[in-house]
Amino acid sequence: MRKSDKKIDNQLRLALTDVCEHALDLYSGFEWITHSVDYGSFPKSLRIVCVFDTEQQLRQFNHQGHKATLLAHIKHNLTDVGIVLHNIDKQVSFDTETACQQQHHGNWALRLSATIINNKFH
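Residues numbered from 1 in each chain as written. Predicted model: local features only at pLDDT ≥ 70, side-chain atom pairs only at ≥ 80, totals over all residues. Heavy atoms only, no water.

## Examining the overall build of the chain
Counting its regular elements, the chain contains 6 helices and 3 strands. Reading the chain from its N terminus to its C terminus gives the helix and strand order α-β-β-α-α-α-β-α-α. For 122 residues, the compact-globule estimate of 2.2 N^0.38 gives 14 Å, and the C-alpha radius of gyration of the chain, at 14 Å, lies within 12% of that figure. Taking the principal axes of the C-alpha coordinates as reference, the chain spans close to 40 × 30 × 25 Å. Put simply, the chain has 122 residues, and 37% of those count as buried. Contacts in the chain between residues at least 24 apart in sequence constitute 60% of all its contacts with a sequence separation of at least 6. About 7,300 Å² of surface is accessible on the chain, with carbon and sulfur atoms providing 51% of the total. In the chain, 13 side chains carry a positive charge and 13 a negative one; their mean positions are 11 Å apart. (Helix = DSSP H or I, 4+ residues; strand = E, 2+ residues; numbered from the N terminus. Rg over C-alpha atoms; globule rule 2.2 N^0.38 Å. Buried < 20%, exposed > 50% of the residue type's maximum accessible area, 1.4 Å probe, protein only. Contact = heavy atoms within 4.5 Å. Areas by Shrake-Rupley, 256 points an atom, 1.4 Å probe, with all protein chains shown as cover. Lys, Arg positive; Asp, Glu negative; His and termini not counted. Charge placed at Lys NZ, Arg CZ, Asp CG, Glu CD.)

## Re the side chain of Arg111
Along the chain, Arg111 falls in helix H6 (residues 108-118). For Arg111, the side chain forms a polar contact with the side chain of Asp95, separated by 2.6 Å. A distance of 2.8 Å separates polar atoms of two side chains, one belonging to Arg111 and the other to Gln103. (Polar contact = N/O pair within 3.5 Å; in protein donor to acceptor, adjacent residues only side chain to side chain.)

## Here we look at the packing of aromatic side chains
For any two aromatic rings, the description comes down to two numbers: the centre-to-centre distance and the angle of the planes. All told, the structure shown has 6 aromatic pairs when counted by the stated rule. When the centroid spacing of 5.5 Å and the interplanar angle of 90° are considered together, the rings of Phe30 and Phe52 count as edge-to-face. Highlighted residues: Phe30 in strand S1 (residues 30-36) and Phe52 in strand S2 (residues 47-52), separated in sequence by 22 residues. Both residues of the pair, Phe30 and Phe52, belong to the buried class. With a centroid separation of 5.7 Å and 35° between ring planes, the pair formed by Tyr39 and Phe42 is classed as tilted. A relative accessible area of 23% places Phe42 in the partly exposed class. (Phe/Tyr/Trp six-rings, centres within 6.5 Å; stacked < 30°, edge-to-face > 60°.)

## A look at helix H2 (residues 55-63)
Turning to H2, its buried residues are Gln57, Leu58 and Phe61. Along the long axis of H2, the arc covered by the buried residues comes to 100°, so they all point the same way. Counted as exposed and oriented over 90 degrees from the buried face of H2: Gln56, Arg59 and His63. The inward-facing, buried residues of H2 abut S2, helix H3 (66-80) and strand S3 (92-96). In the segment just after H2, Gly65 is the residue with positive phi, at about 75°. (Arc of directions from axis to C-beta.)

## Side note on the nonpolar core
One finds Phe30, Ile33, Ile48, Leu70, Ile74, Leu78 and Phe94 to be the most contacted residues of the largest nonpolar core, which totals 25 residues. Per-element accounting of this core gives the leading share, 6 residues, to helix H1 (residues 3-26). Look past the residues within four positions of Phe94 in its chain and what remains in contact with it is Cys50, Phe52, Leu58, Phe61, Lys67, Leu70 and Leu71. (Core = buried A, V, L, I, M, F, W, Y, C linked by side-chain atoms within 4.5 Å.)

In short, shape yes, function no, at least from these values alone.
Structure representation (structure tokens):
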């Protein structure tokens, strides 16, 4: 990883940590947030996954209209550190611990790599 990539990665982690702390306080069932990126095609390659505990909690989050608010918070925090996402709806996804447990036996590394392979951006 180049020095410039490390700087971007640190900015990403700080911005997303703030989002995570905010979401933990506001949204029932929100658990954690992660990201993956290929710095060769950054920021287009950036993928962010927001993880909830259960499918019901994720449905409730969506039903209550919180998705747009959380996406706006992510976009704002990233913009503050100079990272502009042009297609945030496709670059941010939502998942659950229960779905990972059922489909990938709790193996998040496998689940996230499968998600990234299936959702390549062009």
